[in-house]
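# Per-entry structural report
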Amino acid sequence: MALECKMGNFDKIIFKPFSLLIPILLSLQLHAVPSFSNFTTFVFGDSLVDAGNNDYIFTLSKADSPPYGIDFKPSGGLPTGRFTNGRTIADIVGESLGSKSYPPPYLAPNTEAEAILKGINYASGASGIMDKTGFFFIGRIPLREQVNNFEQNRNYMVNEMGENGTRQFLKKAVFSLTIGSNDILNYVQPSIPFLRHEKVFPTTFLDFMISNLTLQLERLHEMGARKLIVVGVGPLGCIPFVRAFNLLPSGKCSSAVNALIRAYNQRLKALLSRLNQEIGSDAIFVFANSYDVFMDILANYHRFGFENANEPCCGGYFPPFVCFKSGNASTNASALCDDRSKYVFWDAYHPTEAANVIIAKQLVDGDENVSFPINIRKLYNYN
């Protein structure tokens, strides 16, 4: 279970002078022309968008040591808990919409007031839609708990600006969910002998994922979310981790894994379309087709400026896939690649910042084949 490092009663005394200004700031924000100061986003998901929550819990899934973050300029190249060399897709999407800063991780100290100004990142590496996903890594924050954490932040907002003010504020915020990859990976990876258990049929498994996701989307909508984007699962059958475990030659992907993912994404798109029909213009749910975007990068990596679309830049191509930098300056135990901008994969699981930039730009300004029924920029300006 995640350790919640939240503020007690003492913080109410410390932050009370500032909190008195919040309704004034909020009022200005709600009537201003859209700019970075009124862009608010609440980020839910896994390690693809984790901004450091796992640094605050006991877990085997961490990105708190070099060379993670080596290209993340705000930290001066130091690790921030992001599972890549630089910015995540969520970071880049925010910048594309004018944000000058990033939503802080929920578990970082003193973040409640910031939720009213720029949002919060609830994502957690190794987490999934289903609670049991990622159990092998011990600590992680499943989607259900992430939504619980948002509910705590919402209670703080209601305290400061009332129920109506909170709903008006949340109506303009963008909610993004990038999750499901670990559920799929846990299902397809080889069983651990002493933890062996019978797997359900693929269709039953996908139904479990969709039903659990539906519950959390409905909870967010009930609490005031009106602009929601749900990112589909990418082609995991092509990541170095899956290719290595399936002993696939360079350039080959696991067709079985990718077929399962396409089936999930179809169900996800159908779910979001149904929610749009049932709820009407009161809210909008956007499906982000990251699968096709990433497959295009892999198939045409030279056109996108990459030189390697098979091997990870850091951590090697074979188990245990550990990406770390040796303390000895003359040695680099992780075999870090020379030019990170030329690699599609940062480690055995995650894209590089260079790949994230391409994916994010497609999601922000792409057509209906990428984001349906509208792209993220139109979602941001919706209503």
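Here's what I pulled together on the structure shown here. (Residues numbered from 1 in each chain as written. Predicted model: local features only at pLDDT ≥ 70, side-chain atom pairs only at ≥ 80, totals over all residues. Heavy atoms only, no water.)

## A closer look at unusual backbone geometry
That bond from Pro66 to Pro67 is cis: its omega, 5 degrees, falls within 30 degrees of zero. The peptide bond linking Phe372 to Pro373 adopts the cis configuration, its omega dihedral lying at 5 degrees. Checked against the element boundaries, Pro373 lands in the loop between strand 7 (371-372) and helix 11 (376-380). You will see that Asn110, though not glycine, has its phi angle at about 60 degrees, which is positive. Mapped onto the elements of the fold, Asn110 is located in the loop between helix 2 (89-96) and helix 3 (112-117). Exposure remark for Asn110: the relative accessible area of 39% places this residue in the partly exposed category. Phi is positive for Ile138, which is not a glycine, with a value near 70 degrees. For Ile138, the position within the fold is in the loop between helix 3 and helix 4 (143-172). With relative accessibility at 43%, the residue Ile138 sits in the partly exposed group. (Helix = DSSP H or I, 4+ residues; strand = E, 2+ residues; numbered from the N terminus. Buried < 20%, exposed > 50% of the residue type's maximum accessible area, 1.4 Å probe, protein only.)

## Thoughts on the state of the cysteines
Tallying each qualifying case throughout the model produces 3 disulfides. Disulfide pairing places Cys313 opposite Cys337 at an S-S distance of 2.0 Å. Because the sign of the S-S torsion sets the handedness, a value of about -85 degrees for the bond joining Cys313 and Cys337 places this disulfide among the left-handed ones. Of this pair, Cys313 sits in the loop between strand 5 (308-312) and strand 6 (343-345) while Cys337 sits in the loop between strand 5 and strand 6; the two residues are 24 residues apart in sequence, bridging distant segments of the chain. Considered together, Cys313 and Cys337 belong to a single accessibility category, that of buried residues. Note on cysteine connectivity: Cys314 is disulfide-linked to Cys323, with sulfurs 2.0 Å apart. Negative torsions about the S-S bond denote left-handed disulfides, and the value of about 100 degrees found for Cys314 with Cys323 makes this one right-handed. A residue is classified by how much of its surface remains accessible, and Cys323, at 6% relative accessible area, is buried. Should the bonded cysteines of the chain be numbered as they appear in the sequence, the pairing reads 1-2, 3-6, 4-5. (Disulfide = S-S within 2.5 Å.)

## Overview of the sheet that holds strand 4 (residues 284-288)
With mixed pairing, the 5 strands of this open sheet are ordered in space as 1-2-3-4-7. The sheet is open, and its two borders are formed by strand 1 (41-45) and strand 7, each paired with just one other strand. Two elements, strand 2 (residues 174-178) and strand 3 (residues 227-231), share 5 bridges in a ladder whose sense is parallel. What sits directly across from Phe175, in strand 3, is Leu228. (Pairing = 2+ DSSP bridges.)

## So, the environment of Ile261
For Ile261, the position within the fold is in helix 8 (residues 255-279). Once residues within four sequence positions are removed from consideration, Ile261 is found in contact with Ile184, Val233, Gly234, Pro235, Leu236, Gly237 and Tyr291. (Contact = heavy atoms within 4.5 Å.)

## Regarding the nonpolar core
In this structure, Phe42, Phe44, Phe175, Leu213, Leu217 and Leu220 are the most contacted members of the largest nonpolar core, which totals 91 residues. Here Phe42 is in contact with Ala115, Gly119, Ile120, Tyr122, Phe150, Met157, Phe169, Leu170, Ala173, Val174, Phe175 and Ser176, once residues within four sequence places are set aside. If you look at the next biggest cluster of nonpolar residues, it comprises 10 residues, including Ala63, Tyr68, Cys314 and Trp346. (Core = buried A, V, L, I, M, F, W, Y, C linked by side-chain atoms within 4.5 Å.)

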